[in-house]
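Remarks on the overall topology
Now for the letters of each chain:
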Amino acid sequence: MTLTIRLPRITILGTGGTIAGSATSQTQTTGYQPGAISIQSLIDAVPAIAQIATVKGEQVANFRSTEVTSPILLDLCRRARAANESDDCDGVVITHGTDTLEETAFFLSLTVPWKKPIVFVGAMRPATAISADGPINLLQAVTLAASPTALGRGPLVVLNDRISSGFYITKSSANALDTFKAPEQGHLGYFDNSQPKFFYSSASPIGLHYFDIKDTIDLPQVDIVYGYQGLNPHIITEYVRAGAKGLILATMGNGGWTIAGMEVVRQVIEGGVIVVHSHRSQDGAVSSSVDISISSGLLSPQKSRIMLQLALSSGYTLEQTKSIFEI
Ligand SMILES: NC(=O)C[C@H](N)C(=O)O
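Residues numbered from 1 in each chain as written. Predicted model: local features only at pLDDT ≥ 70, side-chain atom pairs only at ≥ 80, totals over all residues. Heavy atoms only, no water.

Here we come to the domain arrangement of the chain. According to the domain assignment, the chain contains domain 1 (9-198) and domain 2 (222-325). Here domain 1 and domain 2 have C-alpha centroids that lie 30 Å from each other. With 17 residues of domain 1 in contact, the opposing surface of domain 2 contributes 12 residues. Note on domain 1 versus domain 2: buried area summed over both sides is about 1100 Å², and carbon and sulfur give 64% of it. Among the residues of domain 1 in contact with domain 2, Glu103, Phe106 and Glu184 are the three that bury the most area, contributing 39% of the side total. Applying the counting rule to domain 1 against domain 2 returns five residue pairs in polar contact (both at pLDDT 80 or more). Those elements giving two or more residues to the side of domain 1 that touches domain 2 turn out to be α3 (70-85) and α4 (101-111). The biggest single contributor to the side of domain 1 that touches domain 2 is α4, with six residues. (Domains from an automatic or database assignment. Contact = heavy atoms within 4.5 Å. Buried area = accessible area lost by both parts, 1.4 Å probe. Polar contact = N/O pair within 3.5 Å; in protein donor to acceptor, adjacent residues only side chain to side chain. Helix = DSSP H or I, 4+ residues; strand = E, 2+ residues; numbered from the N terminus.)

Below, the structure written as structure tokens:
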């Protein structure tokens, strides 16, 4: 009697980025076109994937990750939720540009129940480069999405032989291959001979908040204002005039903003805009506040922005919003 073993079925959602990038020569590693190669061509370039899983590629977009918008995030969320519910899919891989991968991974961490594996993967060298990192990253991402060890861990990120948390990860270098880091929380695991190994059993981050956004079609505008010496205090009013319903301040240190700037912040808060104090330093937290603004805790400005968009779109009050940031 022959026993047929069914391979795990993995859906690969292609969104572009350097992993799908094409340059004019093998040595060109900057100034190339990101999002030039189709998801099917990326899959076909790694025949070893067929030994691990039965994969289905879906082209969601094909561009540099700077072009990701709220409707695209919502589309990815719908597709990932559908995979979670489907009997025909065991896991999802999302190919993504690294520039804003941390935002999409954080968004899905808050909006898709932590059930089947969702694995983000990117590359730092275009597909046409000598020693392109995309093919092995893609192979490892599919291997991880097909592995029961990835179950219940929420969105994960694979790059440079590392497995990281989609909730905590950040891009630390504009150029280096080992760009994804979570200096304070660390990596979750690594690949040994392309097999995933975890350091810890599954756990969810303290403060993980789930938003049910099934019927949402767009998210409100939230902008980030960067703090620096000599800050123009009125820039904030311009953001509000341009439609911002919420603002994230990338503050100096632990909540630092200029005295003149704080005057304007108070005025926009009184006008109904929700303001979150985050930090421009990569690590650390902004401590809980006692006044009418909100502190981001550990969350970076770009992640705070996503969380505030979700809170606003869910109709949270100021107190509810404060409670999900200030845990
Ligand atoms: N390494 C990358 O993927 C960067 C690329 N520019 C992007 O789409 O984000």
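After presenting the structure, the write-up continues.
Moving on: the nonpolar core. Side chains that are nonpolar tend, in soluble globular proteins, to be buried together. In this structure, Phe107 and Leu108 are the most contacted members of the largest nonpolar core, which totals 44 residues. Per-element accounting of this core gives the leading share, seven residues, to α3. For this core, the two domains that each supply at least three residues are domain 1 (9-198) and domain 2 (222-325). (Core = buried A, V, L, I, M, F, W, Y, C linked by side-chain atoms within 4.5 Å. Buried < 20%, exposed > 50% of the residue type's maximum accessible area, 1.4 Å probe, protein only.)

Turning our eyes to something else, we now look at the site of the ligand. As a structural note, the neighbourhood of the ligand is formed by Gly17, Thr18, Arg64, Ser65, Gly97, Thr98, Asp99, Ala123 and Met124. In this structure, arginine 64 approaches the ligand through a side-chain N or O atom, which is 3.2 Å from a nitrogen atom. Notes on the ligand: free accessible area 270 Å², of which the protein chains cover 95%. A per-class count over the shell around the ligand returns two nonpolar, five polar and two charged. (Near = heavy atom within 4 Å. Areas by Shrake-Rupley, 256 points an atom, 1.4 Å probe, with all protein chains shown as cover. Nonpolar A, V, L, I, M, F, W, Y, C, P; charged D, E, K, R; others polar.)

This next bit is on the packing of helix α8 (residues 301-313) against helix α9 (residues 318-325). Axis separation between α8 and α9 bottoms out at 11 Å; the angle between their running directions is 145°. You can see that α8 and α9 cross each other, and the crossing is right-handed. Residues Ser304, Met307, Leu308 and Ala311 of α8 form the contact with α9, whose own contacting residues are Thr321, Ile324 and Phe325. Classifying every residue of the contact of α8 with α9 gives five nonpolar, two polar and no charged. (Axes fitted to C-alpha atoms, helices over the stretch in contact; angles between N-to-C directions. Left-handed = near helix turned anticlockwise from the far one by under 90°.)

What follows concerns the UniProt feature "binding site: substrate" (unreviewed entry) in the chain. In the numbering used here, UniProt assigns the feature "binding site: substrate" (unreviewed entry) to Ser65, Thr98 and Asp99. The greatest C-alpha distance among the annotated residues, which extend across 35 residues, is 7.0 Å, indicating that they converge on a single site. If you trace the backbone, threonine 98 turns up in the loop between β3 (91-95) and α4. Among the residues examined, threonine 98 registers a relative accessible area of 5% and is labelled buried. The residues touching threonine 98, leaving out its near neighbours within four places in the chain, are Ser65, Gly122, Ala123, Met124, Leu159, Lys171 and Phe180. In this fold, aspartate 99 is placed in the loop between β3 and α4. (UniProt positions renumbered as here; feature names shortened; annotations may be inferred.)

In space, the eight strands of this open sheet follow the order β2-β1-β3-β4-β5-β6-β9-β10, with mixed pairing throughout. In the strand order of this sheet, the two ends are held by β2 (54-63) and β10 (195-198), each with one partner. Taken pair by pair, the neighbouring strands of this sheet meet at an average axis angle of 25°, ignoring direction. Alignment of strand β1 (residues 9-16) against β3, held across five bridges, turns out to be parallel. Within β3, the position partnered with leucine 13 by the bridge is isoleucine 94. Against the sheet, α3 engages β1, β2, β3 and β4 (118-121), with an angle of about 170° to β2. Packing against the sheet, helix α5 (residues 134-145) makes contact with β1, β2, β3, β4, β5 (155-159), β6 (162-165), β9 (189-192) and β10, and its axis sits at approximately 155° to β3. (Pairing = 2+ DSSP bridges.)

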